[in-house]
Amino acid sequence: MSETTHHPVPAPADSLHAELRTLIASSRQRLAGAVNAELTRLYWSVGERLRTEVLGGADRAKYGDQLIQRLGDQLAQEFGRGFEAKNLRRMVQFAQAFPQPEIVATLSRQLSWSHFVNLLPLKTEPARQFYASQAATNTWSVRELRHQIDRKAFERTELATLQTHTPVQAEPVVAAHTNPAQVFKDPYFLDFLGLRQGHDEADLEAAILRQLEAFILELGRGFAFVERQKRMVIDGDDFYLDLLFFHRRLRRLVAIELKLGRFKAAHKGQMELYLKWLDKHERQPGEEAPIGLILCAESSREQVELLQMHKDGITVAEYWTELPPKAELEQKLHAALLEARERLARLGVLFGGIG
């Protein structure tokens, strides 16, 4: 008895095309990433070589610029405009700004050369480390990196950490946000809402909804909008939460309350009630306990500190509807530094002189 031969049924042309298209696109993406990483490492190696061999020492620095110009002319003819003198100088800046090759090797797998170019003008190493880490962790595009630099994300994080007496540290390159305290900023810049003097909470909420995409970008990566004016029935009374979000990485609901004036201690009790209700009625299996963000026109630092709200999963932050001038922001940073050092000094922690 002969065995029956089973031939595989040919896949329909459309499904086969879709499968191959996905395969090719995925391979191209991996190839592009590998090429980008190799190019970035090449640019660093060129910059490091020029930095040590051409620009090293006072005597060499006198004619180093002329040599770079000559090398740029020669290399551009052989390998293209990417190696012109102005780009060689940028490679030298790259090697100076990122002197550790192992860090460059890690970052180059996640950031493009254009990312690094936008990091070079930053004046301090902590700022470069902060933005590089955030861009790698949150997969920022070059455009989003520029946006975060323009909106002074590092300075705001530094201001917030000084006010809470916590040192500013860049996150590890491959780290992910797992701590709710790292997700929230203080202050939030809501200048894109275009609010005029005399607005009320309803105006603020309506403006946020009109500019929801920009508001979510200001909140940070991972936030997804769930509901406005979330209704909660407690003891037969209706309560309404201003805004409800979900954070994908933290896997928990985020309740947001908007307040026009200064933070008041009573706001904590209100938020605690909302979080307890959400935990009981809205929390899904596999999710962490809900957390809250109270956005105030002005936060009351001492009240927040005494109430120890972070233990209850509640964060208080200011919102600014206008971007402050650079001098004002620097003044706020300096004032926060003085306040933090004075408080820590009262606890017996010694600091050096204040610059």
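Residues numbered from 1 in each chain as written. Predicted model: local features only at pLDDT ≥ 70, side-chain atom pairs only at ≥ 80, totals over all residues. Heavy atoms only, no water.

Trainee: So what exactly am I meant to see when it comes to the packing of aromatic side chains here?
Mentor: The geometry of two aromatic rings is summed up by the distance between their centres and the angle between their planes. For the structure on display, the rule yields eleven aromatic pairs. Relative to F98, the ring of F94 lies with its centre 5.7 Å away and its plane at 65°, an arrangement referred to as edge-to-face. Of the residues examined, F94 reaches a relative accessible area of 0% and is grouped as buried. In this structure F98 comes out as buried when scored by relative accessible area, which is 7%. (Phe/Tyr/Trp six-rings, centres within 6.5 Å; stacked < 30°, edge-to-face > 60°. Buried < 20%, exposed > 50% of the residue type's maximum accessible area, 1.4 Å probe, protein only.)

Trainee: Is there a simple way to explain the pattern of salt bridges in this structure?
Mentor: Pairing is possible between side chains of opposite charge, provided their charged atoms come close. Using the criterion set out here, one finds nine salt bridges in the structure. Where E38 meets R41, a salt bridge forms, and the shortest distance between an N and an O atom there is 3.1 Å. You can see E38 and its partner R41 sitting in helix α1 (residues 13-53), three residues apart, about one turn around the helix. Using a relative accessible area of 45% as the deciding quantity, one classes E38 as partly exposed. Relative accessible area serves as the criterion here: at 29%, R41 is assigned to the partly exposed category. (Salt bridge = Lys/Arg side-chain N within 4 Å of Asp/Glu carboxyl O. Helix = DSSP H or I, 4+ residues; strand = E, 2+ residues; numbered from the N terminus.)

Trainee: Explain helix α4 (residues 101-108) to me, please; I cannot follow it from the model alone.
Mentor: Residues lying three or four places apart along an α-helix face the same way, a consequence of the helix completing one turn every 3.6 residues. Taken as a whole, α4 has its buried residues at V104, L107 and S108. With its buried residues spanning 95° around the axis, α4 presents them on a single face. (Arc of directions from axis to C-beta.)

Trainee: Explanation requested: the confidence of the model for the chain in the structure shown.
Mentor: As a general rule, the predicted coordinates of low-pLDDT regions are not to be interpreted in detail. Across the chain, the average pLDDT comes to 76, with 68% of residues at or above 70. Counting contacts from residues 165-177, a segment whose pLDDT is below 50, to residues more than four positions away or on other chains yields 34 contacts. Contacts from residues 349-355, a stretch scored under 50 in pLDDT, to residues over four places away or in other chains number nine contacts. (pLDDT = per-residue confidence, 0-100. Contact = heavy atoms within 4.5 Å.)

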